[in-house]
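Single-letter residue listing:
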Amino acid sequence: DHARLSLTLSYNWYFDVNREDPESVARIFSVPDFVGDACKAIASRVRGSVAQVAFDLFHRESAKIIRSAVFGTDEKGKVGNSFKFPSNNLVLTNIDIQSVEPVDQKTRDSLQKSVQLAIEITTKSQEAAARHEAERREQEAKGALERQKINDEAEAEKSRAELLKLQASSAAVESTGQAKAEAQARAEAAEIEGSASVKQARLKADATNIESQASLEQTKARQEAEIEHRKAIDELEISKAQKLAEIESNKFKSVVTAIGPNTLKSIAQAGPEMQAKLLSGLGVKSLLITDGNSPINLFNTANGLVGANGVVPK
């Protein structure tokens, strides 16, 4: 198209070097300006490929054309992944197209207009395709909705017929099963009532037994408590009587010990008046000394001690 273009490209590269081979390592420095030589070689390959295609085709497929020019293609037309310079083992792995601009201003304007026109045409074609697709989908949706509506009505009629059959069957079952259900309910109620009566009687018997047992236990406990109480009282009375007897015995023993056997002998040999004085001196109001061989009439003795007027002699 006789259009001059300015291309700005960037590359990814590295040196494929065998570090164990000195010759391979020295080959890196065989080209003094390897960057300039690589750029010239790539620019030549790109110019040769781009000059063979129309401007419109290059504008649409610039990346593929440039990569094919640099990396080459195999027998299946697939673009390669790298390009190697055998002189210094420099390997290019990627090319990035940063800008493509026409050098002539008129060509640049024409390209801008063509790009805008292409964008507009593409946009309108896409809008038309989208509109046609939307209309097609709308028609399909309407058709599917109509078919679904017809199917739903058919299913509704079918379900209505099934419902009528079920209602008829239900009415028949209800009429024949109501009596059976009532009889079964009465039988179950009677069974439940009988079971409840038996259980109630058993519970009453258990309650009576528990009450009797509790009453018996209570009576037994009360009687045992009364027995223990009476036993304790009797023990206290016995202890009290024993202690009183012991006190009286000790008192009498103390008196006898205090009087002495000689004094008792003198009292026994002295006359009644002397005995009364001695006893009075000792603080003894009355004294009776006897043995089992000389019984005493206590009734007359009591009258003599008390006196005819009920006065005790001092």
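All figures in this text were calculated on a predicted structure; none of them were measured in a lab. All residue numbers here refer to positions counted from 1 along the written sequence of the relevant chain. A pLDDT threshold of at least 70 governs which residues receive local features in this predicted model, and a stricter bar of 80 or more applies before side-chain atom pairs are shown or counted, although totals over entire chains, interfaces and linings include all residues. With hydrogens and water stripped out, all remaining heavy atoms of the structure feed into the side-chain values.

Caption draft 1: Representation of the overall build of the chain in the model. The way it works is that DSSP assigns letters per residue, a run of H or I at least four long becomes a helix, a run of E at least two long becomes a strand, and they are numbered from the N terminus. Helix and strand content of the chain: seven helices and three strands. Sequence-ordered secondary structure for the chain, helices as α and strands as β, is β-α-α-α-α-β-β-α-α-α. Buried residues are those whose accessible area, probed at 1.4 Å on protein chains only, stays under 20% of the maximum for their type, while exposed residues exceed 50% and partly exposed ones sit between those limits. Across the 314 residues in the chain, those meeting the buried criterion constitute 11%. Should any heavy atoms of two residues lie within 4.5 Å, those residues are counted as being in contact. Long-range contacts, defined here as pairs at least 24 residues apart, represent 58% of the contacts in the chain between residues at least 6 apart. In this description, accessible areas are obtained by the Shrake-Rupley approach with a 1.4 Å probe, and a residue is regarded as covered only by the protein chains that are shown. If you sum the accessible surface of the chain, you get close to 25200 Å²; carbon and sulfur atoms cover 55% of it.

Caption draft 2: Seen up close, the pairing of strand 3 (residues 90-102). Here the rule is simple: two strands pair whenever DSSP picks up at least two bridges between them. Relative to strand 3, strand 1 (residues 5-15) runs antiparallel, the two sharing 11 bridges. Across the sheet, the residue bridging to S6 is E101, located in strand 3. Sheet analysis places strand 2 (residues 83-85) next to strand 3, joined by three bridges and oriented antiparallel. Across the sheet, the residue bridging to F83 is L92, located in strand 3. From the end of strand 2 to the start of strand 3, which pair antiparallel, there are four residues, and N89 there has a positive phi angle of about 60°.

Caption draft 3: Structural context of a negative patch on the surface. Residues enter patches when they are more than 30% accessible in relative terms and free of salt bridges; like-charged ones are connected within 9 Å and nonpolar ones (Val, Leu, Ile, Met, Phe, Trp, Tyr) within 5 Å. Salt bridges are defined as contacts in which a side-chain nitrogen from Lys or Arg sits within 4 Å of a carboxyl oxygen from Asp or Glu. Think of it this way: Lys and Arg go in the positive column, Asp and Glu in the negative one, and His and the chain ends go nowhere. The location of each charge is read from NZ of Lys, CZ of Arg, CG of Asp or CD of Glu. A contiguous patch of negative charge on the surface is contributed by E217, E224, E228, D234, E235 and E237. Within the secondary structure layout, E235 lies in helix 5 (residues 105-269). Note on E235: relative accessible area 47%, which makes it partly exposed.

Caption draft 4: Structural context of the pattern of salt bridges. With the rule as written, the count across this model stands at eight salt bridges. With a shortest N-O distance of 3.8 Å, R27 and E23 are connected by a salt bridge. A salt bridge links E133 to R136; the shortest N-O distance between them is 2.1 Å. In this pair, E133 and R136 both sit in helix 5, three residues apart, roughly one turn of the helix. Looking at R136, the relative accessible area reads 38%, which means it is partly exposed. Through salt bridges with shared partners, a single network forms among E133, R136, R137 and E140.

Caption draft 5: Summary view of the packing of aromatic side chains. Paired rings are identified among Phe, Tyr and Trp, the last through its six-membered ring, by centres lying within 6.5 Å, and are further divided according to the angle between planes into stacked (under 30 degrees), edge-to-face (over 60) and tilted (the rest). Here the structure, examined in full by the defined rule, presents four aromatic pairs. Measuring from ring centre to ring centre gives 5.6 Å for W13 and F15, while their planes differ by 80°; the resulting arrangement is edge-to-face. W13 gets classed as partly exposed once you look at its relative accessible area, which sits at 43%. A centroid spacing of 5.5 Å and a plane angle of 65° characterise the contact between W13 and F34, whose relative ring orientation is edge-to-face. With a gap of 21 residues between them, W13 in strand 1 and F34 in helix 2 (residues 34-50) connect regions that are remote in the sequence.

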